[in-house]
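# Observations on the model geometry
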Amino acid sequence: MRFSGKVAVVTGGASGIGRATALRLAEEGATVLVGDLDMAGGEELAGTSNGRIRFVRTDVTSEADILALLNAAAELGGPDILFNNAGAGGLRAKIDEIDAAGWDRTMDLLLRSVALGIRHAAPLMAKKGGGAIVNTASVAALAAGAAPTAYSVAKAGVLHLTKLAAADLAKDKIRVNAVLPGFIATNIFASSIGLEGEARERANALIQGVGQQAQPIQRPGRPEDIAAAVAFLASEDASFITGTHILVDGGISVGPRHSWDPSTPGLFEALAALAPTE
Ligand SMILES: NC(=O)c1ccc[n+]([C@@H]2O[C@H](COP(=O)([O-])OP(=O)(O)OC[C@H]3O[C@@H](n4cnc5c(N)ncnc54)[C@H](O)[C@@H]3O)[C@@H](O)[C@H]2O)c1
């Protein structure tokens, strides 16, 4: 019960990583405010939580909505914890095809929302004597190939913002860290191409299959894997940790596929086939 008496805010908490994290924080004693666009998902989660999780309809691209969510947490005596996590795939175009409006929408959703969440949580946390903020970035923040360009740039921005905010807010005993999920089987992939209902279920089954083999640890990444890292970063167990990140990716970023998958030959295996036999 690391979060007894604490009030946590989780954006994007109606689904996937946010939902698992809201449940984990509530399980460990927190009162959790979930902010999400998805009213059905948010209300369903709140309804099954014995009052530990409350839902506030929130669009994180709206500064007024972010303020309202954080003020609702202040009325409950918080926020002690903020998990800036809401997101979607964003603009899918490559750099030579992007359009300005799509770029702006992606940055507003994935980067500006995190900046404003921190901006408005900070005074409330400072008044309480401190707090913990965790931001969802991505392995896409570190290298090409994991996600579209605008999304990856926004997540790299989240990673750097995490460090800058940690520097600015340490004086108020506010820690700021990021979690970098790898390939986690959630609705985000199907939603980003507009699939719903049965088509989304079919896509999710495919994603589970791909997730099984996408990284050295041969099972799909689960939202609960991320929730565990977020709970750690938000807890007193991490009281000397700020301005950094935890990669939770099953090893997907250790190196090129041939470094961990014996069925994918690398250069040395290819050269070995040319070597004279003794
Ligand atoms: N699933 C992955 O493999 C993966 C990998 C790296 C990072 N991430 C990041 O994790 C976070 C959570 O994604 P997920 O995989 O759980 O996806 P998800 O689709 O299951 O959940 C995302 C949630 O965010 C909400 N949301 C979207 N736009 C919003 C808005 N404007 N305001 C409020 N809520 C909004 C959605 O309604 C949804 O409930 C995102 O930031 C995503 O970029 C996911």
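As a starting point, this report considers the structure included with it.

What counts as what
Residues numbered from 1 in each chain as written. Predicted model: local features only at pLDDT ≥ 70, side-chain atom pairs only at ≥ 80, totals over all residues. Heavy atoms only, no water. Pairing = 2+ DSSP bridges. Helix = DSSP H or I, 4+ residues; strand = E, 2+ residues; numbered from the N terminus. Axes fitted to C-alpha atoms, helices over the stretch in contact; angles between N-to-C directions. Contact = heavy atoms within 4.5 Å. Expected span 1.5 Å × (residues − 1). Buried < 20%, exposed > 50% of the residue type's maximum accessible area, 1.4 Å probe, protein only. Near = heavy atom within 4 Å. Polar contact = N/O pair within 3.5 Å; in protein donor to acceptor, adjacent residues only side chain to side chain. Areas by Shrake-Rupley, 256 points an atom, 1.4 Å probe, with all protein chains shown as cover. Nonpolar A, V, L, I, M, F, W, Y, C, P; charged D, E, K, R; others polar. Phe/Tyr/Trp six-rings, centres within 6.5 Å; stacked < 30°, edge-to-face > 60°. Parallel < 35°, antiparallel > 145°, perpendicular 65-115°, else oblique. Left-handed = near helix turned anticlockwise from the far one by under 90°. Core = buried A, V, L, I, M, F, W, Y, C linked by side-chain atoms within 4.5 Å.

## Quick word on the sheet that holds strand β5 (residues 131–136)
- Taken together, the 7 strands give an open sheet; going across it, the order is β3-β2-β1-β4-β5-β6-β7, and neighbouring strands pair in parallel fashion. At either margin of the open sheet sits one strand with a lone partner, and together these are β3 (53–57) and β7 (245–248). Here the average twist between neighbouring strands, direction ignored, is 20°.
- Where strand β4 (residues 81–84) lies against β5, 4 bridges are found, and the strand directions are parallel. Bridged to Leu82 within β5 is Ile133.
- Packing against the sheet, helix α4 (residues 100–128) makes contact with β4, β5 and β6 (174–181), and its axis sits at approximately 180° to β4.

## A look at helix α5 (residues 149–169)
- When the terminal C-alpha atoms of α5 are compared, their 30 Å separation across 21 residues agrees well with the 30 Å that a helix rising 1.5 Å per residue should span.
- Taken residue by residue, α5 has Ala150, Tyr151, Ser152, Ala154, Lys155, Val158, Leu159, Leu161, Thr162, Ala165, Ala166 and Leu169 as its buried positions.
- Against the buried residues of α5 lie α4, β5, β6 and β7.

## Side note on the site of the ligand
- Contacts to the ligand come from 28 residues, most closely from Ser15, Ile17, Asp36, Tyr151 and Thr186.
- Between a nitrogen atom of the ligand and a side-chain N or O atom of Asp59, the distance comes to 2.9 Å.
- Measuring from an oxygen atom of the ligand, one finds a side-chain N or O atom of Thr186 at 2.6 Å.
- In isolation the ligand exposes 830 Å². Once the protein is present, 92% of that is buried.
- Elements with a contribution of two residues or more to the shell around the ligand: α1 (16–27), α5 and α6 (188–192).
- For the shell around the ligand, the per-class residue count stands at 13 nonpolar, 11 polar and 4 charged.

## Some details on the packing of aromatic side chains
- Per the stated rule, a full pass over the model turns up 1 aromatic pair.
- Their ring planes at 90° and their centres at 5.1 Å tell us that Phe183 and Phe189 sit as a pair that is edge-to-face.
- Look at Phe183 and you get buried, because its relative accessible area is 18%.
- On the accessibility criterion, Phe189 (33% relative accessible area) is partly exposed.

## Concerning the packing of α4 against α5
- One can describe the packing of α4 onto α5 by two numbers: an axis separation of 9 Å at closest approach and a directional angle of 15°. Considering their axes alone, α4 and α5 lie roughly parallel with respect to each other. Crossing of α4 against α5: the hand is right-handed. For the pair α4 and α5, contact is made by Trp103, Thr106, Met107, Leu110, Leu111, Val114, Ala115, Ile118 and Ala122 and by Thr149, Ala150, Tyr151, Val153, Ala154, Lys155, Gly157, Val158, Leu161, Ala165 and Leu169, respectively.
- Its residues assigned to classes, the contact of α4 with α5 shows 16 nonpolar, 3 polar and 1 charged.

## Considering the nonpolar core
- Judged by nonpolar contacts, the single largest core of 28 residues is most densely connected at Ile118 and Val176.
- Those elements that provide at least two residues to this core are β1 (7–11), α3 (63–75), α4, α5 and β6.
- Here this core gets 7 residues from one element, more than from any other, and that element is α4.
- Ile118 has contacts with Leu82, Asn84, Ile133, Asn135, Leu161, Ala165, Leu169 and Val176, leaving out every residue within four places of it along the chain.
- If you look at the next biggest cluster of nonpolar residues, it comprises 26 residues, including Ala30, Val179, Leu233 and Val248.

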